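# Topology and contacts: notes
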Amino acid sequence: MTSALVLQALRAYVRHLPGCPGTPQLAARLSEHLKHHPLAATVRTRDGTVFPVVTSDVIQRYLWLFGVWEPHLTAWMRSRLSPGDLVVDAGAHMGYFTTLASRLVGSSGRVVAIEPSPAFHQALTADITANGCGNVRTINAAVSDTSRRLTFYLERATNLGGTTAVRPHTVEASFEAYAAPLPTLLTKEELTAARLIKIDVEGGEAAAVRGLVPVLNGLREDVELVVEVTPRTLAKQGQSVDDVLGPLRENGFHVYRMPNDYAAASYPAAVRRPVPPVRWQRPVTEMSDLVFSRIDAETLLTSPSFHAP
């Protein structure tokens with residue numbers, strides 16, 4: 001059995017010496033151990049946010065191990081957001097990106113966090129309170145194209161962030177939630193002020209975009225959207241990635257792809273040298289984080305300090 005002190009020493013090596021030989025392999029082995037031998041702890045992320053975690057879940061495991069989730073997206077958000085901005089986080093889960101955005105936009109900015117799961121919404125509000133994020137408004141609902149009730153499914157407890165309204169082959173748990181278009185869930189002021197809209201809704205992204213299309217022309221000129229697209233889950237509904245890309249392209253948005261690798265071995269390099277989104281004109285065939293911006297460039301990078309702390 002690996003002692004807690006040994007685990008913490010190995011974690012310190014992975015976290016603080018990401019460029020050293022053997023770090024990717026060690027990260028992979030530690031992740032596998034923590035998945036099958038869950039550790040309950042309180043962690044502080046690289047941005048200073050505190051979360052209670054149980055390492056059987058991949059997001060919570062990576063927060064304990066690396067202090068960051070999706071390091072490329074985390075670094076890019078740091079480079080794009082400024083004090084006073086407004087951020088919409090649809091599919092906020094436990095609040096990692098919500099609390100990150102809360103710190104970046106400051107007391108003069110605001111964040112709207114939307115999460116359909118009653119349990120995750122409760123955890124989200126607790127994490128917001130624990131971290132003193134007084135500029136966040138939470139909504140316990142799902143984002144879609146029409147107002148309705150939806151059933152959501154959890155396929156496995158090792159990936160709590162994979163909760164989806166598209167029924168998987170195996171179901172570990174389920175719940176019902178109210179769903180509505182973003183323009184219905186947000187106030188008019190929030191909608192027109194949004195600098196960044198992040199949509200991570202596990203197969204519901206085409207519906208979320210359809211619900212947003214009628215108001216796209218009324219958004220800020222510099223608004224940017226980050227949308228996780230899931231080709232396989234979309235296909236199960238008779239939809240495709242083009243149902244997400246097409247409406248946004250027609251409204252003047254260019255498509256960029258954010259690097260994202262969920263393998264633990266990839267994290268040390270990603271933390272050390274995060275990569276910004278690059279223009280994407282090829283087919284999207286696997287789960288991807290796409291950024292939509294009216295800026296026409298090869299990469300979406302504005303800050304020379306594009307790095308993870």
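For the structure itself, consult the block above.
What counts, and at which threshold
- Residues numbered from 1 in each chain as written.
- Predicted model: local features only at pLDDT ≥ 70, side-chain atom pairs only at ≥ 80, totals over all residues.
- Heavy atoms only, no water.
- Helix = DSSP H or I, 4+ residues; strand = E, 2+ residues; numbered from the N terminus.
- Contact = heavy atoms within 4.5 Å.
- Phe/Tyr/Trp six-rings, centres within 6.5 Å; stacked < 30°, edge-to-face > 60°.
- Buried < 20%, exposed > 50% of the residue type's maximum accessible area, 1.4 Å probe, protein only.
- Lys NZ or Arg CZ within 6 Å of the ring centre and 35° of its normal.
- Axes fitted to C-alpha atoms, helices over the stretch in contact; angles between N-to-C directions.
- Parallel < 35°, antiparallel > 145°, perpendicular 65-115°, else oblique.
- Left-handed = near helix turned anticlockwise from the far one by under 90°.
- Nonpolar A, V, L, I, M, F, W, Y, C, P; charged D, E, K, R; others polar.
- Core = buried A, V, L, I, M, F, W, Y, C linked by side-chain atoms within 4.5 Å.
- Pairing = 2+ DSSP bridges.
- Right-handed = clockwise from strand over helix to strand, strands pointing away.

### Thoughts on the side chain of S102
Within the element layout of this structure, S102 appears in helix α5 (residues 96-105). What S102 contacts, discounting residues up to four positions off in sequence, is V111, C133, N135 and V136.

### Observations concerning the packing of aromatic side chains
One pass over the structure, following the stated rule, counts seven aromatic pairs. Both rings, one in W69 and one in Y262, keep their centres 5.4 Å apart while their planes meet at 25°; by these two values the pair is stacked. Here the residue W69 occupies a position in the loop between α3 (58-66) and α4 (71-80), and Y262 occupies one in the loop between β11 (254-258) and α12 (267-272), the gap between them amounting to 193 residues. Residue W69 is classed as buried on the basis of its relative accessible area of 7%. A relative accessible area of 31% means that Y262 is categorised as partly exposed. Ring plane angle 10° and centroid distance 5.4 Å describe the contact between F152 and F175, whose orientation is recorded as stacked. Here F152, found in strand β7 (residues 148-154), pairs with F175, found in strand β8 (residues 173-180); they are 23 residues apart in sequence, far enough to count as distant. Joined through ring pairs, the aromatic side chains of Y62, F66, W69, Y262 and Y267 make up one cluster. The ring of W64 carries R11 above its face, with NZ or CZ at 4.3 Å from the centroid. Sitting over the ring of W280, R257 keeps its end group 5.0 Å from the ring centre.

### Concerning the packing of helix α9 (residues 205-212) against helix α11 (residues 242-250)
Running from amino to carboxyl end, α9 crosses α11 at an angle of 20°, the nearest separation of the two axes being 8 Å. Our classification of the angle between α9 and α11 gives roughly parallel. As for how α9 packs across α11, the hand of that crossing is left-handed. Here α9 contributes E205, A206 and V209 to the contact with α11, which in turn contributes D243, V244, P247 and L248. Its residues placed into classes, the contact of α9 with α11 shows five nonpolar, no polar and two charged.

### Quick look at the nonpolar core
Core analysis: the biggest nonpolar cluster contains 45 residues, and L63, F66, W69, W76 and M77 have the highest contact counts within it. Tallying contributions element by element places α3 first for this core, with seven residues. With sequence-adjacent residues up to four places away left out, F66 is seen in contact with V14, R15, A27, R46, A264, Y267 and P268. Membership of the second largest hydrophobic core comes to 38 residues, among which are L191, L216, V223 and L225.

### Observations regarding the sheet that holds β8
Pairing is mixed in the open sheet, where three strands are placed in the order β6-β8-β7. Strands at the two margins of the open sheet, each flanked by one partner only, are β6 (142-143) and β7. Summarising the sheet, β7 and β8 pair through seven bridges and their orientation is antiparallel. In the strand pairing of β8, R149 is matched with Y178.

### Regarding the pairing of strand β10 (residues 224-229)
Across the six residues that make up β10, a large majority, six, are buried. The alternating pattern of β10 places E224, V226 and E228 and L225, V227 and V229 on opposite faces, both of which are buried. Relative to β10, strand β9 (residues 194-199) runs parallel, the two being bridged by four bridges. Directly across from K198, in β10, lies its bridge partner V226. This β-α-β element, β9 to α9 to β10, shows right-handed connectivity.

### Digging into the packing of helix α2 (residues 23-36) against α3
Direction vectors running N to C along α2 and α3 enclose 130°, while the axes themselves pass 10 Å from each other. By the angle class used here, α2 and α3 are oblique. You can see that α2 and α3 cross each other, and the crossing is right-handed. On α3, the residues that touch A27, L30, S31, L34 and K35 of α2 are R61, Y62, W64, L65 and F66. A per-class count over the contact of α2 with α3 returns seven nonpolar, one polar and two charged.

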